[in-house]
Amino acid sequence: MEKRIKEAVRYLGYGRNAADETTLALIGDAFADLERIAAPKSVCRIFDMEQTEDGRIIVGNMEIKSTSLSRNLKGCVKVVLFGATLGAGTDRLIMRASVADMAKAVIIQACAAAFLEEYCDEEQIRIGSELEKQGLYLRPRFSPGYGDFDIGYQEPLMRMLDCAKSIGLTLTDSFMMTPTKSVTALIGASPVKERCPIAGCEACGKTDCEYRR
Ligand code: SF4
């Protein structure tokens with residue numbers, strides 16, 4: 001089964017159980033709609049980074065306090081700030097479906113999440129191969145809200161990426177991203193070749209890794 005379909009099935013909460021034929025057909029339709037309607041865009045900027053002895057991470061004017069991110073960025077010399085969105089059309093697709101057929105809307109939501117993840121992976125591979133030419137290797141993506149990396153860091157991250165202008169991504173007062181199918185993240189770059197799999201630490205067999213998030 002295609003990776004994106006597997007991911008959508010997982011987001012729908014099937015766990016290890018197989019999805020039924022009707023659900024699989026709806027997933028196929030949802031991906032076809034997304035291929036037509038989604039307008040993925042991304043932006044990235046590379047900064048030098050520094051970790052202080054008292055546990056702060058300094059990236060440009062941003063100062064981050066997070067134990068889990070600190071561990072993941074240990075040994076990194078640069079960090080990629082990354083933002084991506086599927087665009088407003090995807091939100092409208094989900095909205096229209098939720099008025100007409102809630103079950104269909106739930107499936108489109110799951111497929112859009114998988115679609116966005118797939119797009120981010122492709123972009124990360126592209127950024128990673130550029131950085132490899134400089135002898136730097138990417139760690140997994142780390143988004144605000146993960147571990148103890150506060151969701152509030154979305155705001156400075158998006159400001160540093162000028163997300164509103166570059167990819168049309170903004171933040172509401174309650175830290176909701178608009179369009180909703182969007183992601184911001186930090187990606188550490190280290191001179192040590194860890195060969196982190198694109199799927200991140202959860203999919204990595206290196207259980208004793210000191211950078212595991
Ligand atoms: S656990 Fe694997 S994916 Fe995570 S930082 Fe270590 S090597 Fe990279």
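The structure under discussion appears in the preceding block.
What comes next concerns the included structure. (Residues numbered from 1 in each chain as written. Predicted model: local features only at pLDDT ≥ 70, side-chain atom pairs only at ≥ 80, totals over all residues. Heavy atoms only, no water.)

When you go through the chain residue by residue, the secondary structure sums to 7 helices and 8 strands. Taking 17 Å as the expected radius of gyration for a compact globule of 213 residues, we find that the chain reaches 18 Å, a close match to that expectation. Dimensions of the chain along its principal axes, counting C-alpha atoms only, are 55 × 40 × 30 Å. The buried share of the chain, taken over its 213 residues, is 45%. When contacts within the chain are restricted to residue pairs at least 6 apart in sequence, those whose partners lie at least 24 apart make up 70%. Accessible surface for the chain amounts to roughly 11200 Å². Of this, 52% is attributable to carbon and sulfur atoms. Averaging the locations of the 28 positively and 30 negatively charged side chains of the chain gives two centres separated by 2 Å. (Helix = DSSP H or I, 4+ residues; strand = E, 2+ residues; numbered from the N terminus. Rg over C-alpha atoms; globule rule 2.2 N^0.38 Å. Buried < 20%, exposed > 50% of the residue type's maximum accessible area, 1.4 Å probe, protein only. Contact = heavy atoms within 4.5 Å. Areas by Shrake-Rupley, 256 points an atom, 1.4 Å probe, with all protein chains shown as cover. Lys, Arg positive; Asp, Glu negative; His and termini not counted. Charge placed at Lys NZ, Arg CZ, Asp CG, Glu CD.)

Glancing now at the state of the cysteines. According to the stated counting rule, one finds 0 disulfides in the structure shown. Cys 163 takes part in no disulfide bond, and the closest cysteine sulfur, belonging to Cys 44, lies 11 Å away. The exposure class of Cys 163 is buried, given its relative accessible area of 1%. (Disulfide = S-S within 2.5 Å.)

Let us now look at the pattern of salt bridges. For the structure shown, the criterion picks out 16 salt bridges. Note that Lys 78 is salt-bridged to Asp 48, the shortest N-O span being 2.7 Å. Of this pair, Lys 78 sits in strand E4 (residues 78–85) while Asp 48 sits in strand E1 (residues 41–51), placing them 30 residues apart in sequence. Exposure remark for Lys 78: the relative accessible area of 24% places this residue in the partly exposed category. Residue Asp 48 is classed as exposed on the basis of its relative accessible area of 53%. The shortest N-O distance in the salt bridge between Glu 202 and Arg 213 comes to 2.8 Å. Taken together, the residues Glu 202 in the segment after strand E8 (182–190) and Arg 213 in the segment after E8 connect sequence positions 11 residues apart. Overall, Arg 213 belongs to the partly exposed group, its relative accessible area being 21%. (Salt bridge = Lys/Arg side-chain N within 4 Å of Asp/Glu carboxyl O.)

Now for the site of the ligand. Residues in close proximity to the ligand include Asn 72, Pro 140, Cys 196, Pro 197, Gly 200, Cys 201, Cys 204, Lys 206, Cys 209, Tyr 211 and Arg 212, which together make up its full environment. Residues belonging to the shell around the ligand are distributed by class as follows: 7 nonpolar, 2 polar and 2 charged. (Near = heavy atom within 4 Å. Nonpolar A, V, L, I, M, F, W, Y, C, P; charged D, E, K, R; others polar.)

On to the packing of helix H2 (residues 21–37) against helix H5 (residues 102–132), then. It is at 9 Å that the axes of H2 and H5 come closest, and there the two elements cross at 55°. Judged by the inter-axis angle, H2 sits oblique to H5. In this structure, H2 crosses over H5, and the sense of that crossing is right-handed. Of the residues in H5, those in contact with Thr 23, Leu 26, Ile 27, Ala 30, Phe 31, Leu 34 and Glu 35 of H2 are Ile 107, Ile 108, Cys 111, Ala 112, Ala 114 and Phe 115. (Axes fitted to C-alpha atoms, helices over the stretch in contact; angles between N-to-C directions. Parallel < 35°, antiparallel > 145°, perpendicular 65-115°, else oblique. Left-handed = near helix turned anticlockwise from the far one by under 90°.)

Remember that side chains alternate between the two faces of the sheet whenever the strand is regular. Among the 8 residues in E4, 7 count as buried, and that is most of the element. Sheet analysis places E1 next to E4, joined by 8 bridges and oriented antiparallel. Residue pairing in the sheet places Asp 48 in a bridge with Lys 78 of E4. Pairing analysis gives 8 bridges linking E4 to E8, with the strands arranged antiparallel. Looking at the pairing, Lys 78 lines up with Ala 189 of E8. (Pairing = 2+ DSSP bridges.)

Only one face of strand E3 (residues 62–65) is buried, namely the one carrying Met 62 and Ile 64, since none of Glu 63 and Lys 65 on the opposite face is buried. Pairing analysis gives 4 bridges linking strand E2 (residues 56–59) to E3, with the strands arranged antiparallel. Across the sheet, residue Ile 58 finds its bridge partner in E3, namely Glu 63. Count of turn residues in the E2/E3 antiparallel hairpin: 2 residues, of which Gly 60 carries a positive phi of about 55°.

What follows concerns the nonpolar core. The biggest cluster of nonpolar side chains holds 33 residues, and the ones touching the most others in it are Ile 27, Phe 31, Leu 34, Cys 111, Leu 131 and Leu 138. Looking at this core, the elements that each hand over two or more residues are helix H1 (3–11), H2, E4, helix H4 (88–100), H5 and E8. Of all the elements, H5 adds the most residues to this core, at 12 residues. Residue contacts for Cys 111: discarding those within four places in its chain leaves Ala 8, Ile 27, Ala 30, Phe 31 and Leu 34. Within the second largest apolar cluster, 24 residues are counted, among which are Val 59, Met 62, Tyr 153 and Leu 186. (Core = buried A, V, L, I, M, F, W, Y, C linked by side-chain atoms within 4.5 Å.)

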